[in-house]
Amino acid sequence: MTITKLKQRSLLGLKDLSKEEIESILDRAAYWENHPVKVQSTVQGKFAANMFFENSTRTRFSFEVAEKRLGAEVLNFSSAVSSVQKGESIYDTVRTLESMGIDVGVIRLKPIGVLAELAEKIQVPLINAGDGNNEHPTQALLDMYTMRKQFGELKGLTVAIVGDVLHSRVARSNLWALRKFGVNVKFCSPPNMQALELDVPYVSMEEALQADVVMMLRVQLERHESGMLSSAEGYREHYGLTAERAATIASHAIIMHPAPINRNVEIDDELVEHPQSRIFTQMANGVPVRMAVIERALS
Ligand code: CP
């Protein structure tokens, strides 16, 4: 296998992935979702390393479930209990695991740009499990998968992404991928949480609530400079999906959120498992989507 072909099996982001490639991943995810046998031998004998330099619950565990369902051997790396604590670099860490013979690396990182540099130097396929506020491709893929299942097709949908867009890699990956499918994407954010470099219209909360998909974003307090969020109550009042606001969305519309959730800040507690919420469905869909991504990387 040539290095170019190996690199084509990486998934660093959706901005540069074709519509056809995305469709093929979503179709394969549908296959895996409907596959009756829980554990396969599809990639038996291959080693997958999950390297998380930033905290995660959903992404890390759903990659692990996906890898195990495909029959891979799984290595879980956590920076908190690794030699990163002694000052080892990200590159040396990934290069170390590569030298031990891993076949694919799933990586979550805080800094932007490091993943692209790693992909230039590392020969095994790399999958982006979220890098800074740049991209979270598998989250957007599972979001698109959830929307496609709900509505049959993506073309013509209106998706309103509401909240802390500035710090959101989920918003960026969804924007870049959904637009390839003819989806009308709108943002709704407080002025100090907007990403004005992205060419997207910002709309009022009232207009956002008219969308087919109302995607709420977590207020990412850990990435905020001091003073960005003056009060949780004030945020909820102006930009939160309250029960009162949710009562105004269309009966066919769905509520999404990538989670983790700040309950009663960006979304009211009682809406998380509302009949129109697909939040836990999104999490469930993460497994077949990541099976398709891991299979693409290893086959
Ligand atoms: N949605 C998401 O990326 O969740 P985790 O941070 O728990 O992986």
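In short, a report on the structure. (Residues numbered from 1 in each chain as written. Predicted model: local features only at pLDDT ≥ 70, side-chain atom pairs only at ≥ 80, totals over all residues. Heavy atoms only, no water.)

Remarks on the nonpolar core
Basically, it comes down to this: As used here, the term nonpolar core means buried Ala, Val, Leu, Ile, Met, Phe, Trp, Tyr and Cys residues forming a set that is joined through side-chain atoms within 4.5 Å. A 1.4 Å probe rolled over the protein chains alone gives each residue an accessible area, and that area as a share of the maximum for its type sets the label: buried under 20%, exposed over 50%, partly exposed in between. Every helix listed is a DSSP run of H or I at least four residues long, and every strand listed is a run of E at least two residues long, numbered separately from the N terminus. Domain delimitation follows an automatic or database domain assignment.
Ranked by size, the top nonpolar core spans 56 residues in total, and within it Ile 127, Leu 141, Met 147 and Phe 187 carry the most contacts. The greatest single-element share of this core, amounting to 8 residues, is contributed by helix H11 (residues 279-298). A domain split of this core shows at least three residues from each of domain 1 (3-137 + 284-298) and domain 2 (139-278). One finds Val 162, Ala 208, Ile 255 and Val 272 within the second-largest nonpolar core, a separate group that totals 19 residues.

What about the sheet that holds strand E2 (residues 73-78)?
As a reminder, the rule being used: Paired strands, in this sense, are two strands between which DSSP finds at least two bridges. Between the N-to-C directions of two axes lies an angle of 0 to 180 degrees, each axis being a line fitted to C-alpha atoms and, for a helix, fitted only over the stretch in contact.
One open sheet accounts for 4 strands, arranged E2-E1-E3-E4; its pairing is parallel. Strands at the two margins of the open sheet, each flanked by one partner only, are E2 and strand E4 (126-131). Each strand axis lies, on average, 15 degrees off the axis of its neighbour in the sheet, ignoring direction. Inspection of the sheet shows strand E3 (residues 104-109) paired to E4 by 4 bridges, in the parallel sense. Residue Gly 105 lies in a different strand from E4, and its bridge partner there is Leu 126.

Here's the deal with the packing of aromatic side chains
Note the following rule: Here the aromatic set is Phe, Tyr and Trp, taking the six-membered ring for Trp, and pairing holds for ring centres within 6.5 Å; pairs whose planes are under 30 degrees apart are stacked, those over 60 apart are edge-to-face, and all others are tilted. Note on criteria: charge over ring means Lys NZ or Arg CZ within 6 Å of the ring centre, with the direction from the centre no more than 35 degrees off the ring normal.
Under the definition given, this model contains 4 aromatic pairs. Taking the centre distance of 4.9 Å and the plane angle of 75 degrees together, the rings of Tyr 31 and Trp 32 count as edge-to-face. Relative accessible area serves as the criterion here: at 2%, Trp 32 is assigned to the buried category. Across from the ring centre of Phe 61, 4.3 Å away, lies the NZ or CZ of Arg 60, which sits over that ring.

What about the site of the ligand?
Applied cut-off: Throughout, near means a residue has at least one heavy atom within 4 Å of the molecule or strand. We define a polar contact as two N or O atoms separated by no more than 3.5 Å, with the added condition that, inside protein, one atom must be a possible hydrogen donor and the other a possible acceptor, whereas residues neighbouring each other in sequence contribute only through side-chain atom pairs. Shrake-Rupley sampling with a 1.4 Å probe provides the accessible areas, and residues are treated as covered by the protein chains on show and by no other component. Only protein atoms enter the 1 Å grid used here. Points where a 1.4 Å probe fits but cannot escape make up a cavity, open sets with protein on both sides within 12 Å along at least five of seven lines make up a pocket, and a residue lines them when an atom lies within 4 Å of a point. Should more than half of a molecule's atoms lie within 2 Å of a pocket's or cavity's grid points, that molecule is taken to sit in it. Each residue gets one label: Ala, Val, Leu, Ile, Met, Phe, Trp, Tyr, Cys and Pro are nonpolar, Asp, Glu, Lys and Arg are charged, and the others, such as Gly, are polar.
Surveying the vicinity of the ligand reveals the residues Ser 56, Thr 57, Arg 58, Thr 59, Arg 108, His 136, Gln 139, Pro 258, Ala 259 and Pro 260. Arg 58 is positioned with one of its side-chain polar atoms (N or O) 3.0 Å from an oxygen atom of the ligand. A distance of 2.9 Å separates an oxygen atom of the ligand from a polar atom in the side chain of His 136. When the ligand sits alone it has 250 Å² of accessible area, and the protein chains cover 92% of it. According to the grid-proximity analysis, the pocket containing the ligand is the largest pocket. Each residue belonging to the shell around the ligand can be placed in one class, and the counts come to 3 nonpolar, 5 polar and 2 charged. Two domains each provide a minimum of three residues to the shell around the ligand, namely domain 1 (3-137 + 284-298) and domain 2 (139-278).

Some remarks on the layout of surface pockets
To find leftover empty space, a probe the size of one water molecule is rolled over the atoms. The following threshold applies: Grid points are joined across faces, edges and corners, and a volume is the space filled by probe spheres set on the points.
Considering only enclosed or pocket space, the largest pocket measures out at about 590 Å³ in volume. Contributing to the lining of the largest pocket are 28 residues, with Glu 54, Asn 55, Ser 56, Arg 108 and Arg 169 lying nearest its centre. Here the lining of the largest pocket takes 3 residues from helix H3 (residues 58-69), the largest share from any one element. Taken domain by domain, the lining of the largest pocket gets at least three of its residues from each of domain 1 (3-137 + 284-298) and domain 2 (139-278). As a volume, the second largest pocket reaches approximately 360 Å³. Around the second largest pocket, the lining is made up of 18 residues, and of these Leu 11, Leu 12, Gly 13, Asp 16 and Leu 17 lie nearest the centre. Contributions of two or more residues to the lining of the second largest pocket are made by helix H1 (3-8) and helix H5 (114-121). Looking at the lining of the second largest pocket residue by residue, the classes come out as 6 nonpolar, 5 polar and 7 charged.

By themselves these figures say nothing about function.
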